[in-house]
Structure formats: C-alpha cells, structure tokens
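# Results of the structural survey
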Amino acid sequence: MASKLVVICEYAIVNHFNIILSTQASTLNVLPANLKARLFTLLSHRGLLNDDNLSLLLNCRTRTFDFRDCTNITDQALIIMARCSLTAQVERKRLQSSQDVSTTTSVLNPLVLHLRSPNITDYGLVQFVQQFPSLRKIRLQNCSQITDESVIAIGRYCLRLIELDLSGCLQISDQGIIALQQITHLRSLALTQTRITDESLMSIGQSTFHYTLNEINLKMCREITDDGFLYLLKHCPNLKTIGFTQCPKLTERSRQNINQQTHQLSYLVWSIPV
C-alpha cells in the first residue's frame, strides 16, 4: 500500500510540476535520492526538465540522463552536471571556493547521455565528457552544432564507451572519427548524415575496437565509396548490423561483397543507386 501511495504522489508531482516548482521548490531539493531519481526519469520523458529546474532533481542514483524530449536543455545543464562530478567537487572543496552557486551536492555517475537538441554545442559537451570518463553510451542525435571538437574529447576521455550515436550531427568529419581509435570496446557506431569519407571507414578498420564493433549505420554518408566500405568489411569481422542507404557513391560492388561466409549478419539495410 505504501509503495502505491508513493507512485501516486510521484505522478501527482509530475502532473502539476510547474505549480509545485513555483511554490515548493525547496521541498523538491531535499527529497531523498531514490525519489529524485524516479521523478527525474518521469519528468525527462515528458520533456519538463530544463536548465533552471535540473539542479533540484540531480541525484546520485540516476545513471541514464535521457534528455531527448527536453527541448530546453542547453550547454548550461551540461555544465551544471559537470560541476557535480566527484573530481569537480573534490577540487571545489580543496579550494574552498565561494564562487560556486550550484544548489546540489550530489555526486553524479552517469553511464548514459542522450541528447537531441540543436541547442547543445561543443562548449557544454566537452566539459561534460571531461568529468565523466565512465560513460558507456553517448547518443547525440540531431545535435547540429556539435563539431569534431566534441568527438575528439569523447575519444580522449571516454575510453570505456560501447555505443556512440552521432546521427544528424552534420558537422562531424573524418577528423573527429579518427580521434576515436583508442576506444577499446565500442560495439555500436551511428554516423548517419555526417560528412565522413573513406578515411573514417579505414580509421575504424584500424582502430582498437575493430574487432568488437558489431553495428554501424552509414545512412546518408554521401562521400563514402566502395573502397572505404570494403576496407571496413574486411577489418571489422564481427559486424552484424549494417545500414548504408542513400549513399550515392556506393555501388553494387559493395553489396556483392557482403555474404554469410564473411559476416554473420542479422540486419542489413542498403540502397544502391541505379
């Protein structure tokens, strides 16, 4: 009965969040971590989190920071979270800084970051990944302002990453992808609509994760050719899911080199220009 009552209260808060925020913000701030974690998930799925209210709900139990429906999240939110890393808080305590205006003392340990916003830039994302090297999954869908600078930072700090989604990050080029080579166990890589060329595909084939990679999406990568694609196939033997639709420079030669003798594919999507 008590657990049901807690759930009812949680949904009551979510359904009247703006009113509660304006009248009971201090109460939200002192809620126990387990309740904050539950509210964080519910509110993020409804797109109600933003730069102004985020700090009230940050907690040590949330591992997945899913902001894909939160259109008002900007670099400021990422910076607030970066200040809640263990390293950042230890440094602040050492310096006894009086300049810190963060309202939370929770130490964050995110494993998953999911963003889908044109408001996010390198300025916020780089600071975030620097503070959280234990990130396992980063999904940056349609973050059109993100550039190679962010991807280089990911490749430098997030060496435990197993999934990276850069779909719709229109400014990503070979320079960023080459910087990922030292990630050791990357399994899934989405490069839809990026500006990569064969140089990126060859870099992936030469990377430390070439043997663990089992999923790649190259949809709308308009500069890749058969040479790069075939190099990728040859050097990534465990690929099981491949997408290469709307890649105008790929020909029938690429499709013909995909067979069950070389790759145990479970999912394949392609289109070859006539």
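Scroll up to find the structure this text is about.
Note that the structure is predicted; figures quoted are calculated from it, not measured. (Residues numbered from 1 in each chain as written. Predicted model: local features only at pLDDT ≥ 70, side-chain atom pairs only at ≥ 80, totals over all residues. Heavy atoms only, no water.)

## What about the state of the cysteines?
- In the structure shown here, the tally under the stated rule is zero disulfides.
- A disulfide-free cysteine, C84 has its sulfur positioned 11 Å from the sulfur of C60, the nearest such atom.
- Overall, the relative accessible area of 0% leaves C84 in the buried class.
- Not engaged in a disulfide, the cysteine C169 finds its nearest cysteine sulfur in C143; these two sulfurs lie 5.2 Å apart. (Disulfide = S-S within 2.5 Å. Buried < 20%, exposed > 50% of the residue type's maximum accessible area, 1.4 Å probe, protein only.)

## Examining the nonpolar core
- Grouped together as the largest cluster of nonpolar side chains are 72 residues, with contacts concentrated most on F67, L115, I204 and L218.
- Apart from the residues within four sequence positions on either side, L218 is in contact with L191, I196, L201, I224, F229, L232, G243, F244, T245 and C247. (Core = buried A, V, L, I, M, F, W, Y, C linked by side-chain atoms within 4.5 Å. Contact = heavy atoms within 4.5 Å.)

## Here's the deal with the pairing of strand β7 (residues 241-244)
- Residues of β7 alternate between two faces, with T241 and G243 on one and I242 and F244 on the opposite face, all of them buried.
- Read from strand β6 (residues 215-217) through helix α11 (residues 226-235) to β7, the crossover connection turns out right-handed. (Helix = DSSP H or I, 4+ residues; strand = E, 2+ residues; numbered from the N terminus. Right-handed = clockwise from strand over helix to strand, strands pointing away.)

## A look at unusual backbone geometry
- Positive phi, close to 60°, is recorded for N142, a residue that is not glycine.
- Within the fold, N142 resides in the loop between β3 (137-140) and α8 (148-157).
- For M220, which is not glycine, the phi torsion reads 60° and is therefore positive.
- Within the secondary structure, M220 is located in the loop between β6 and α11.
- Overall, the relative accessible area of 18% leaves M220 in the buried class.

## Comments concerning the packing of helix α7 (residues 122-131) against α8
- Across the interface, α7 lies against α8 with an axial gap of 9 Å and an inter-helix angle of 0°. If you check the angle between α7 and α8, you find them roughly parallel. Listed contacts from α8 to D122, L125, V126, V129 and Q130 of α7 are E149, S150, A153, I154 and Y157.
- Each residue belonging to the contact of α7 with α8 can be placed in one class, and the counts come to six nonpolar, two polar and two charged. (Axes fitted to C-alpha atoms, helices over the stretch in contact; angles between N-to-C directions. Parallel < 35°, antiparallel > 145°, perpendicular 65-115°, else oblique. Nonpolar A, V, L, I, M, F, W, Y, C, P; charged D, E, K, R; others polar.)

Nothing here speaks to function; it is geometry throughout.
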